[in-house]
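The primary structure of each chain is shown beneath.
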Amino acid sequence: MDFRAAELYKAGHRLRLQEQPFKILTMLLARPGEIVTREELREQLWSADTFVDFDHGLNSAVARLREALYDSAEKPKYIDTVARRGYRFIGTVEKVTFPAVAPHIEVAEASPESRAVPEERTWRKARIWVAVITAAAIACVLVLYVWEHSFASSPAKRNIDSIAVLPFEENSSAAETGYLSEGITESAIDHLSALGDLKVISLHSVLPYRGRQLDPRQVGRELGVRSVMTGRIVFRGDRMQVIAELVDTADGTHIWGGQYDRQVSDILSVQEEIAREIAVRLKTRLNSQQQVLLRKRYTENFEAWQTYLRGRYYWNKRFPEDLNRGITYFEQAIDADPGNALAYAGLADSYFVRSVSGNVSMNEGMFKAKAAALKALELDDSLAEAHTSLAQISSTYEMNWALAESEYKRAIALNANYSTGHHYYATFLMAMGRHDEAMAEMKKAQELDPLSPIIATFIGKALYFAGKNDESIAEYQKVLATDPAFPVARTFLIHSLEQGGHFDEAIAQRMIVAAQFGKRVEPTNALRQRYRAEGVRGYWKYRLAEMGANLESKPEAALDTAALYARLGDKDRAFWFLERALEYHDLWAEYLKVDPQWENLHGDSRYELALKRVGLN
């Protein structure tokens, strides 16, 4: 270290070190081997009126210092942490005095009698200096060689090919800032997804880690990633401090840390800076398109961006009332900036989910969803989310298979880390009977979103459609072992148990559903009695009776009714209700070709006509 020039060198190379880490090193080197307390560091480096979270600020500065020295908190060579007290420098310190000018050899005039001795001394001095310089040069080469090879596994050279961005912590539990914290996390994920071949875990799989203090190495094992980014936001009025850190999950070492003191309205620039820093640290080579995506802003209007984040916050909850609130915020974001493509994409997602969940009529919901998706793409054709929404509408509602596949592929090409795109494309491939491709896409979706119960459940559904019913049952049971309250997995499990002839177990699962949702158990007990009295046919008859009266006037129940008549062998009634279901654009009608519940209709010309009508033969 050159104190006069405030510079740090290693093996002849100048190391980049910011002001605070340099000052910390200066204080440590002034008292080598002694503890420099956190309080001393606070007094010297952070004034009382500085807007900063001291603990995080100091930890971040020390982490950056260790990074520059290629040091480790676990196995320190230089900076040792003294728990709850401070730090000390444990390396060898040697003070070196540098001459003001380069050494110069003077040759003094001497009498002939005495000239031989001074000349011999002069040449001896010269040879010594040559030897010293030569030795120094050799030493530099050796040090460079050792440095290059000793730090071949340094953060800059590690093979970091995957990352999870954990939910940013915050100093407020209010929903007023909760949406912003979650929004920063999601935006960081979106920006990092542009970084070439870097695998980025989706938001749904990192949200369960909110508020949990875990070892990054444990998170890495659970999510299957090589690095984890953590962050913290401190709000003070209209200002905020964002602190981010990137950790190698292989050994828990610090790769990068950054601290940003800004106006809350500068949130857009902060998330861009974080993504750029990580790209640099991971030595990611970006093409021109990726560089553009990394810098991309969907709106310059902070109000529009803030309102959009509120919409996504409620969209992620998925409950009907939250979807409605999300739609309101997306519409407000559009009012603030009519060119906000992301807000239109959020509207498309919301209306699609409301349609398929029955909260709004299929025709109304899908019409609004398609209009919003097309508007989003008109504003920005590079939005993977909007292409996926359009693909879903084209597949499940319009049954335009060619357009749907084109849009799915376009979405994945734009963002290979978009787990929902892989998941939905897999459901399309299931309907087409392309089972191996479907499973490959589902596995990719699960790799990106490993904690998602819906993706794990649909892996079971892919097995069911592929004729591997026993394996599908095992998959559903794995999901329920982790999340017993997840309703979709239990519903699909019941279908597979019925398909496999395991009716007693199917009835037992129906009892669990009744208990979980506070429903009466009498109907399920009656189903058990009917099954024991009349067998399989009695089971299906009771199920049909449960559908209620006036089924002809219930288009939303037409597909299930058709399937029950098919089970009972009443083909005429089955095809009548199937026709109503196709007119209604029932979501599950796209699986007509592969769902085994239609097996009794195979070979009937009307079944072939139905497949032809929807373009599946």
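Within every chain, residues take consecutive numbers counted from 1 along the sequence as written. This being a predicted model, a pLDDT of at least 70 is required before a residue's local features are given, and a value of 80 or more before pairs of side-chain atoms are given or counted; all residues contribute to the totals for chains, interfaces and linings. Computation of side-chain values covers all heavy atoms of the structure but excludes hydrogens and water.

Caption draft 1: Inspection of the overall build of the protein at higher detail. Secondary structure elements follow DSSP: runs of H or I of four or more residues count as helices, runs of E of two or more count as strands, with numbering from the N terminus. Along the backbone of the protein there are 25 helices and 11 strands. When a residue's accessible area, from a 1.4 Å probe over protein chains only, is under 20% of the maximum for its type it is buried; when over 50% it is exposed; and in between it is partly exposed. Per-residue burial for the protein yields a buried fraction of 48% across its 617 residues. By sequence separation, contacts in the protein at least 24 residues apart represent 58% of the contacts at least 6 residues apart. The accessible surface values rely on the Shrake-Rupley method and a 1.4 Å probe; as for residues, cover is taken only from the protein chains in view. For the protein, the computed accessible surface area is about 30400 Å², with 51% contributed by carbon and sulfur atoms. In what follows, residue pairs with any heavy atoms lying within 4.5 Å of each other are defined as contacts.

Caption draft 2: The arrangement of the pairing of strand S5 (residues 86–89) in detail. By this definition, two strands are paired if DSSP reports at least two bridges between them. Sheet analysis places strand S3 (residues 36–37) next to S5, joined by two bridges and oriented antiparallel. From the neighbouring strand, Val36 faces S5, where its bridge partner is Tyr87. Bridge count for strand S4 (residues 79–82) against S5 is four bridges, and the pairing is antiparallel. Looking across to S5, one finds that Thr81 is bridged to Tyr87.

Caption draft 3: Spatial organisation of the sheet that holds S3. Here we have three strands laid out as an open sheet, ordered S3-S5-S4, and antiparallel in their pairing. What marks the edges here is a single partner per strand, and that holds for S3 and S4. Interaxial angle, 0 to 180 degrees, is taken between N-to-C directions of lines fitted to C-alpha atoms, where a helix line uses only the stretch in contact. The strands that helix H1 (residues 19–30) touches are S3, S4 and S5; relative to S5, the one it contacts most, it runs at about 65 degrees.

Caption draft 4: Representation of the pattern of salt bridges within the structure. We define a salt bridge as a side-chain nitrogen of Lys or Arg found within 4 Å of a carboxyl oxygen belonging to Asp or Glu. For the structure shown, the criterion picks out 26 salt bridges. Here Arg31 and Glu34 are joined by a salt bridge, their closest N and O atoms 3.4 Å apart. Looking at Glu34, the relative accessible area reads 43%, which means it is partly exposed. The shortest N-O distance in the salt bridge between Arg88 and Asp80 comes to 3.0 Å. Within this structure, Glu405, Lys409, Arg434 and Glu437 form a network of salt bridges that share partners.

Caption draft 5: Representation of the pairing of strand S9 (residues 227–236) within the structure. Taking burial as the measure, the 10 residues of S9 include eight buried ones, the bulk of the element. In the sheet, strand S6 (residues 162–165) pairs with S9 via three bridges, with the strands oriented parallel. Bridge pairing links Ile163 to Ser227 in S9. As paired elements, strand S7 (residues 169–170) and S9 share two bridges and run parallel to each other. Bridge pairing in S9 places Glu169 opposite Arg232. The pairing of S9 with strand S10 (residues 239–248) spans 10 bridges and is classified as antiparallel. Paired with Ser227 across the strands is Asp248, a residue of S10. Between S9 and S10, which pair antiparallel one after the other, the connecting turn spans two residues, and Gly237 there sits at a positive phi close to 65 degrees.

Caption draft 6: Just the side chain of Arg66, in detail. If you trace the backbone, Arg66 turns up in helix H3 (residues 54–69). The side chain of Arg66 is buried and forms no salt bridge, while Asp71, the nearest opposite charge, is found at 4.5 Å. When near neighbours in sequence (up to four residues on either side) are disregarded, Arg66 contacts Asp71, Ser72, Ala73, Ile79, Asp80, Thr81 and Tyr87. For the purpose of charge, His is not counted, nor are the chain termini; Lys and Arg are scored as positive and Asp and Glu as negative.

Caption draft 7: Region of interest: the nonpolar core. Nonpolar core, defined: a set of buried Ala, Val, Leu, Ile, Met, Phe, Trp, Tyr and Cys residues in which side-chain atoms within 4.5 Å join the residues together. Counting 74 residues, the largest nonpolar core has Met229 and Ile274 as the members making the most contacts within it. No other element matches the 10 residues that helix H12 (residues 341–356) contributes to this core. Excluding residues within four positions of it along the chain, Met229 makes contact with Ile163, Ala164, Val165, Leu166, Phe168, Ala188, Glu245, Leu246, Ile274 and Ile278. Counting residues in hydrophobic clusters, the runner-up holds 70 residues, among them Ala391, Phe486, Leu493 and Val594.

Caption draft 8: Structural view of the packing of helix H16 (residues 419–432) against helix H18 (residues 453–465). At a closest axis distance of 10 Å, the pairing of H16 and H18 adopts a crossing angle of 15 degrees. Of the possible angle classes, the one that applies to H16 and H18 is roughly parallel. Crossing handedness for the pair H16 and H18: left-handed. Here Ser419, His423, Thr427 and Met430 of H16 come into contact with H18, specifically with Ile454, Ile455, Phe458, Lys461, Ala462 and Phe465. By definition in this entry, angles of less than 35 degrees are roughly parallel, angles greater than 145 are roughly antiparallel, angles of 65 to 115 are roughly perpendicular, and the rest are oblique. Take the far helix as the reference: if the near one is turned anticlockwise from it by less than a right angle, the crossing is left-handed, and if turned clockwise, right-handed.

Caption draft 9: H18, seen in detail. Expected helix span is taken as 1.5 Å per residue step, with the number of steps being one fewer than the number of residues. Helix length check: H18 (13 residues) gives 19 Å between terminal C-alpha atoms against 18 Å at 1.5 Å per residue, within 8%. Within H18, 11 of the 13 residues are buried, leaving the element largely enclosed by the surrounding structure. Every buried residue belonging to H18 is among Ile455, Ala456, Thr457, Phe458, Ile459, Gly460, Lys461, Ala462, Leu463, Tyr464 and Phe465, and all of these are buried. Next to the buried residues of H18 lie H16, helix H17 (435–448), helix H19 (469–482) and helix H20 (487–499). The positive-phi residue at the C-terminal boundary of H18 is Gly467, with phi of around 85 degrees.

Caption draft 10: Inspection of the packing of H16 against H17 at higher detail. It is at 8 Å that the axes of H16 and H17 come closest, and there the two elements cross at 160 degrees. Between H16 and H17, the crossing angle belongs to the class labelled roughly antiparallel. Crossing hand, H16 versus H17: left-handed. Residues Ser419, His422, His423, Tyr425, Ala426, Leu429 and Met430 of H16 pack against His435, Glu437, Ala438, Glu441, Met442, Lys444, Ala445 and Leu448 of H17. For the contact of H16 with H17, the per-class residue count stands at eight nonpolar, four polar and three charged. Residues are grouped as follows: nonpolar covers Ala, Val, Leu, Ile, Met, Phe, Trp, Tyr, Cys and Pro; charged covers Asp, Glu, Lys and Arg; every other residue, Gly included, is treated as polar.

Caption draft 11: Representation of the side chain of Ser193 in the model. Within the fold, Ser193 resides in the loop between helix H5 (175–192) and strand S8 (199–200). By relative accessible area, which is 11% here, Ser193 ends up buried. Setting aside anything within four residues of it in sequence, one finds Ser193 in contact with Val200, Asn415 and Asn417.

Caption draft 12: View of the confidence of the model for the protein. Per-chain confidence: the protein averages 82 in pLDDT, with 83% of residues scoring 70 or above. Looking at any residue, its pLDDT shows the predictor's confidence there, from 0 to 100. Of all the helices and strands in the protein, helix H4 (residues 116–150) carries the lowest mean pLDDT, 38, while helix H23 (residues 558–568) carries the highest, 97. Counted against residues more than four places away or in other chains, residues 48–52, with its pLDDT under 50, gives 10 contacts. In this model residues 98–156 is a low-confidence stretch, pLDDT under 50, and it forms 31 contacts with partners more than four residues away in sequence or in other chains.

Caption draft 13: Molecular detail of the environment of Ala489. Along the chain, Ala489 falls in helix H20. We classify Ala489 as buried; its relative accessible area is 0%.

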